[in-house]
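Chain by chain, the residues:
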Amino acid sequence: MKEIATFKNKKVLILGLAKSGEAAAKLLARLGAIVTVNDGKTFEENPAAQALLEEGIKVICGSHPLELLDEDFQYLIKNPGIPYSNPMVKKAIEKKLPILTEVELAYLVSEAPIIAITGSNGKTTTTTMIADVLNHAGQSALLSGNIGFPASDVVMKAKANDKLVMELSSFQLMGVREFQPHIALITNLMPTHLDYHGSFEAYVQAKWNIQKQMTEADFLILNADQEISSELALKTKARVLYFSREKEVDGAYLSEGKLYFNGHYIMEAKQIGIPGSHNIENALATIIVAKLSGVEDSLIAESLSAFGGVKHRLQNAGKINGITFFNDSKSTNILACQKALSGFEKNKVILIAGGLDRGNEFDELVPDLIGLKKMVILGQSAERMKRAAKKADVSFLSANDIAEATRIAYSIAEAGDTILLSPANASWDMYKSFEVRGDEFLRTFQDLKGELDD
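This one's a predicted model, so the numbers in the text were calculated from it and none came from an experiment.

Each turn of an α-helix holds 3.6 residues, which means side chains three or four residues apart point in the same direction. The end-to-end C-alpha distance of helix 11 (residues 277–292), which contains 16 residues, comes to 23 Å, matching closely the 22 Å that a straight helix rising 1.5 Å per residue would cover. Extensive coverage of helix 11 is indicated by the burial of 13 of its 16 residues.

Okay, structure coming up:
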């Protein structure tokens, strides 16, 4: 990393901890800053704050006292989840205090070039795909950002010959100033996080910050199947490349079941290791990054064919007796379930669905359920899900939890079938997170496999 002097002997306030705040505090301390951390969680319940205090970093926990900003801070590093309407942030703005996010801080010290990925859906899968392909080709790609590896932590270990493959949220991108990736990718833009941003236009503007400092020497990758992309392409200095499932473009595209890069055949779409039309888009975007990075076609095809997905996001858990198990516990809404189902021969799918009852019916899902082999239904929303199954003329069985549902599904499955956990519901009626729900599915898969080996 670059040992910059920007923050040396400067007073810096970090507002909000979590992984990114802790990483930023350690990086700033290494750069010689005088760091104060302020977090809402009490000190007794805050292991991160305790660890930082042991390293000699000042911590103030339990509240966000406005008078703290009366101290002569020169920078504020804001946790991405804290909105700009927060009283502490508003006061910092009034005082004209520079407000950065941890991602900007990481960029300032990075020796490694950055490949930045954002978008409404598919960020994590695409980020992971890109890193997998680059690493398979012998390059050193390091996952970072909004994917569970704080950029400020990764950047301290990264060398000039590494590449930071960085997932970025709209919250993180609101705080960038000098941030300049060499390759940037926007997977798609949908109306999400409007409670934070206030409008779709403001949300798009936050995402668009990814290219704010890019030049003609940099590359911006956009989704040609979205109308908004053609408008945005006129507003950047970067060279724009596209990916598309619908038409031939300057970049990567799908044609007659095959994936191409500028007219050059790469692989069959059906070879991609995880199913679904959305994963074809993710693969096309990955192909562009790989080609810009000098990766050979055969290595791209090998890596994408072996790609097993991201944990809990249409993750291929494996097979037992020719029956394939997919863990899509991250499917917490109807749209996610629809996307998951789009990648399978439905007459061979046993779908496990149901969860937290939010009061909505599942009529939108009915067309996607038609033709399923069977459903196993559970959770608070079971009665609503059963009504949808009946409308789709799909027979179903009931279960009390994920473990039982998985076993029931396996008991009625045959070789060539797929057992798909894609609940279309949040997990909180039975599990504290979708990760815990997915882990129970994976554990049951392993148990079934072990019982077979006994």
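There is more to say, and it comes next.
Here four bridges tie strand 2 (residues 34–39) to strand 3 (residues 58–61), and the two strands are oriented parallel to one another. Across the sheet, the residue bridging to Val37 is Val59, located in strand 3. Taken together, strand 2, helix 2 (residues 47–54) and strand 3 form a β-α-β motif whose crossover is right-handed.

A few words now on helix 13 (residues 334–341). What helix 13 keeps buried is the set Ile334, Cys337, Gln338, Ala340 and Leu341. Buried residues in helix 13, looked at end-on, bunch into an arc of 160°, giving them a common side. Elements in contact with the buried residues of helix 13: helix 11, strand 17 (349–353), helix 14 (366–369) and strand 20 (418–421).

It is worth spelling out unusual backbone geometry at this point. Even without glycine at this site, Asn9 takes up a positive phi of about 60°. Mapped onto the elements of the fold, Asn9 is located in the segment before strand 1 (11–15). We note that Glu256 has phi near 50°; this positive angle belongs to a residue other than glycine. Mapped onto the fold, Glu256 is located in the loop between strand 12 (251–255) and strand 13 (258–261).

On to the sheet that holds strand 16 (residues 323–327). Pairing in this open sheet of six strands is mixed, and the strands run 15-16-20-17-18-19 from one edge to the other. One side of each edge strand has no neighbouring strand; the edge strands of this open sheet are strand 15 (315–320) and strand 19 (396–398). Adjacent strand axes in the sheet meet at a mean angle of 20°, parallel and antiparallel pairs treated alike. Sheet topology note: the strand 17/strand 18 (residues 374–377) ladder contains four bridges and is parallel. Bridging from a neighbouring strand, Ile350 pairs with Lys374 of strand 18. Taken strand by strand, helix 16 (residues 402–412) contacts strand 15, strand 16, strand 17, strand 18, strand 19 and strand 20, and its axis lies near 165° from that of strand 17.

Applying the stated criterion across every chain yields a total of 20 salt bridges. Lys348 is paired through a salt bridge with Glu345; the nearest N and O atoms lie 4.0 Å apart. For Lys348, a relative accessible area of 35% puts it in the partly exposed group. Since its relative accessible area comes to 53%, Glu345 is described here as exposed. Notably, a salt bridge pairs Glu451 with Arg407, separated by 2.6 Å at the nearest N-O pair. Of the two residues, Glu451 is situated in helix 17 (residues 434–453) and Arg407 in helix 16; the sequence distance between them amounts to 44 residues. If you follow the salt bridges from partner to partner, you end up with Asp357, Glu361, Arg384 and Arg387 in one network.

Inspection of the secondary structure puts Lys207 in helix 9 (residues 200–208). Within the buried core, Lys207 has no salt-bridge partner, and the shortest N-O distance to an opposite charge, that of Glu167, equals 7.7 Å. Within the local environment of Lys207, its side chain forms a polar contact with the side chain of Thr118, the two groups lying 2.8 Å apart. Other than its neighbours up to four places away in sequence, Lys207 contacts Thr118, Gly119, Lys123, Leu168, Ser169, Ser170, Leu173, Ile186 and Leu189.

Position of Glu246 relative to the elements: it lies in the loop between strand 11 (239–244) and strand 12. For Glu246, a relative accessible area of 60% puts it in the exposed group. Each C-alpha atom, one on Glu246 and one on Ala224, is 8.5 Å from the other, the two residues being 22 residues apart in sequence.

So, about the nonpolar core. For soluble globular proteins, the rule of thumb is that nonpolar side chains tend to be buried together. By size, the foremost hydrophobic cluster in this structure holds 62 residues, and its most contacted members are Phe7, Leu28, Val37 and Phe179. The element best represented in this core is helix 4 (residues 102–109), accounting for six residues. In contact with Phe7, other than residues within four places in its own chain, are Val12, Leu28, Leu31, Gly32, Ala33, Tyr75, Leu100, Leu105 and Leu108. Core analysis: the second largest hydrophobic core is formed by 38 residues, Ile117, Ile221, Ala269 and Ile280 among them.

Let's shift gears to the sheet that holds strand 10 (residues 219–223). Judged by pairing direction, the sheet is mixed, and its nine strands sit side by side in the order 7-8-6-9-10-11-12-13-14 without closing on themselves. Both edges of this open sheet fall to strand 7 (140–145) and strand 14 (264–268), since each of them pairs with a single strand only. Strand-to-strand twist across the sheet, computed as the mean angle between neighbouring axes with direction ignored, equals 20°. Judged from the four bridges that link them, strand 12 and strand 13 form a sheet pairing that is antiparallel. Looking at strand 13, one finds that Leu254 is bridged to Leu259. Across the sheet, helix 5 (residues 123–136) touches strand 6 (114–118), strand 7, strand 8 (162–167) and strand 9 (183–186), and the angle it forms with strand 8 is around 165°.

What follows concerns the environment of Ala306. Within the fold, Ala306 resides in helix 12 (residues 297–306). Separated by 208 residues in the primary sequence, Ala306 and Pro98 place their C-alpha atoms 45 Å from one another.

Quick notes on the rules
Residues numbered from 1 in each chain as written. Predicted model: local features only at pLDDT ≥ 70, side-chain atom pairs only at ≥ 80, totals over all residues. Heavy atoms only, no water. Helix = DSSP H or I, 4+ residues; strand = E, 2+ residues; numbered from the N terminus. Expected span 1.5 Å × (residues − 1). Buried < 20%, exposed > 50% of the residue type's maximum accessible area, 1.4 Å probe, protein only. Pairing = 2+ DSSP bridges. Right-handed = clockwise from strand over helix to strand, strands pointing away. Arc of directions from axis to C-beta. Contact = heavy atoms within 4.5 Å. Axes fitted to C-alpha atoms, helices over the stretch in contact; angles between N-to-C directions. Salt bridge = Lys/Arg side-chain N within 4 Å of Asp/Glu carboxyl O. Lys, Arg positive; Asp, Glu negative; His and termini not counted. Polar contact = N/O pair within 3.5 Å; in protein donor to acceptor, adjacent residues only side chain to side chain. Core = buried A, V, L, I, M, F, W, Y, C linked by side-chain atoms within 4.5 Å.

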